[in-house]
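Single-letter residue listing:
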Amino acid sequence: MGRRKNPVTTTNPYRRRIALMLRELLDASGLTFQQLADRCEGISRPTLQRAATGDFTPKEKTLKAFAAGCGFPEATDVLLRLRIRARIEDRGLLPELGTALHPSLISDWRDLSRAIEYLHESAGAPSFREVRDKSGNKHVLSISTLRRIIMRITTPVDEHQLLAIVHGCGITDQDALWTAAWAKVTTTTSNTAAEERPAVRISPRPAERMPHPDELGMVVHKRPNPPPRQARTETDRPGLLPRQAFVPRGGNNRALLARRFIDDMRQQHRAHDRPRYLDGLSYLYTPL
């Protein structure tokens, strides 16, 4: 006796029909999910189980692999149509877009942009990558450009890009209608632009000279130049003094000598006088 299956509790009617249909295909094939996963390349057993629960809308490649693995590839078309309806039901955006606009009724760029948005949503809102892969011409349609077109930020640049979007959304038998719509939009737009904006060449504006601040009565505050630096002498740097042999007085009383040296340096710094190492510190040096 096999394991008892959980009931389908989803509120989406199309997703419920997908789950029940997948379970019927699996029962008719007599396979388990593990055996079915071995037949489906790139599809794991948990993915197949989730597809049959009805809690999620399966991907297109999952449905194709499920039907082919069970031995019923003819059921793929029905499953894909149910998947599109389930996606539309989950998103709930198609009723807000109004009625579908037939390509023969497109008259301007606004109508064309709205028709492309409706076409993408009615196809189940496939990902931009899926639309590009199904377009048949990846070189004229990038993912970033497709995103901007579907979100009505921009419009297609040519007829080939428009047909690539139409093919990516699953419409392959209306090329003549969309080509005529593109010709109508471009012709109407060019004529309207020519009537509203006459072709008058505008001469470039001559360059203007910027007025001097004195002409505008402005007061310019100039920064004063810094005073010149004085040349340093040998007595300003102890490193330039002639080296003499250091002979401490009083034995090893080096701490006392260091303390007296520091005190003399502080007094010279406080008096702002130039240091005189030879006079003030004569007790540190003894001539040879």
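A few points on the structure. Values in this document were obtained by computation on a predicted structure and should not be read as measured data. (Residues numbered from 1 in each chain as written. Predicted model: local features only at pLDDT ≥ 70, side-chain atom pairs only at ≥ 80, totals over all residues. Heavy atoms only, no water.)

### Focus on the overall build of the protein
Turning to step 1, where the next piece is worked out: Helix and strand counts for the protein stand at 12 helices and 0 strands.
Turning to step 2, where the next piece is worked out: Put simply, the protein runs from its N terminus to its C terminus through helices and strands in the order α-α-α-α-α-α-α-α-α-α-α-α.
Turning to step 3, where the next piece is worked out: Buried residues in the protein amount to 28% of all 288 residues.
Turning to step 4, where the next piece is worked out: Across the protein, every contact between residues at least 6 apart in sequence was considered, and the portion connecting residues at least 24 apart equals 57%.
Turning to step 5, where the next piece is worked out: With an accessible surface of roughly 20800 Å², the protein has 53% of that area assigned to carbon and sulfur atoms. (Helix = DSSP H or I, 4+ residues; strand = E, 2+ residues; numbered from the N terminus. Buried < 20%, exposed > 50% of the residue type's maximum accessible area, 1.4 Å probe, protein only. Contact = heavy atoms within 4.5 Å. Areas by Shrake-Rupley, 256 points an atom, 1.4 Å probe, with all protein chains shown as cover.)

### A few points about the packing of helix 1 (residues 13–29) against helix 4 (residues 60–69)
Turning to step 1, where the next piece is worked out: Where helix 1 contacts helix 4, the two axes come as close as 9 Å, and the packing angle between them is 30°. Considering the angle they form, helix 1 stands roughly parallel to helix 4. Judged by the twist between their axes, the crossing of helix 1 over helix 4 is left-handed. Together, I18, L22, L25 and L26 of helix 1 and L63, F66 and A67 of helix 4 make up the contact between the two elements.
Turning to step 2, where the next piece is worked out: Of the residues that constitute the contact of helix 1 with helix 4, the class distribution is 7 nonpolar, no polar and no charged. (Axes fitted to C-alpha atoms, helices over the stretch in contact; angles between N-to-C directions. Parallel < 35°, antiparallel > 145°, perpendicular 65-115°, else oblique. Left-handed = near helix turned anticlockwise from the far one by under 90°. Nonpolar A, V, L, I, M, F, W, Y, C, P; charged D, E, K, R; others polar.)

### Description of the side chain of D111
Turning to step 1, where the next piece is worked out: When you line up the elements, D111 lands in helix 6 (residues 109–122).
Turning to step 2, where the next piece is worked out: It is R114 that comes nearest to the buried, bridge-free D111 among opposite-charge side chains, at 4.5 Å. (Lys, Arg positive; Asp, Glu negative; His and termini not counted. Salt bridge = Lys/Arg side-chain N within 4 Å of Asp/Glu carboxyl O.)

### Re the pattern of salt bridges
Turning to step 1, where the next piece is worked out: Applying the stated criterion to the full structure yields 7 salt bridges.
Turning to step 2, where the next piece is worked out: With its nearest N and O atoms 2.7 Å apart, the salt bridge here joins R15 to D90. Of the two residues, R15 is situated in helix 1 and D90 in helix 5 (residues 76–91); the sequence distance between them amounts to 75 residues.
Turning to step 3, where the next piece is worked out: Since its relative accessible area comes to 13%, R15 is described here as buried.
Turning to step 4, where the next piece is worked out: One salt-bridge network, in which partners are shared between bridges, spans E60, K64 and K134.

### Digging into the nonpolar core
Turning to step 1, where the next piece is worked out: Formed by 23 residues in total, the largest nonpolar core has its most connected members in L22, L36, L48, F66 and L79.
Turning to step 2, where the next piece is worked out: Of all elements in the fold, only helix 1, helix 2 (33–39), helix 3 (45–51), helix 4 and helix 5 reach the threshold of two or more residues within this core.
Turning to step 3, where the next piece is worked out: Apart from residues no more than four positions distant in its own chain, L36 is found in contact with L26, L31, L48, F66, G69 and C70.
Turning to step 4, where the next piece is worked out: Within the second largest apolar cluster, 22 residues are counted, among which are I150, I165, A181 and W182. (Core = buried A, V, L, I, M, F, W, Y, C linked by side-chain atoms within 4.5 Å.)

### Some points on the packing of helix 1 against helix 5
Turning to step 1, where the next piece is worked out: Where helix 1 meets helix 5, the axes come as close as 8 Å, and the angle between the chain directions of the two elements is 150°. Between helix 1 and helix 5, the crossing angle belongs to the class labelled roughly antiparallel. The two elements helix 1 and helix 5 meet at a crossing, and its hand is left-handed. In this structure, helix 1 contributes Y14, R15, R17, I18, M21, L22 and L25 to the contact, and helix 5 contributes V78, L79, L82, R83, R85, A86, E89 and D90.

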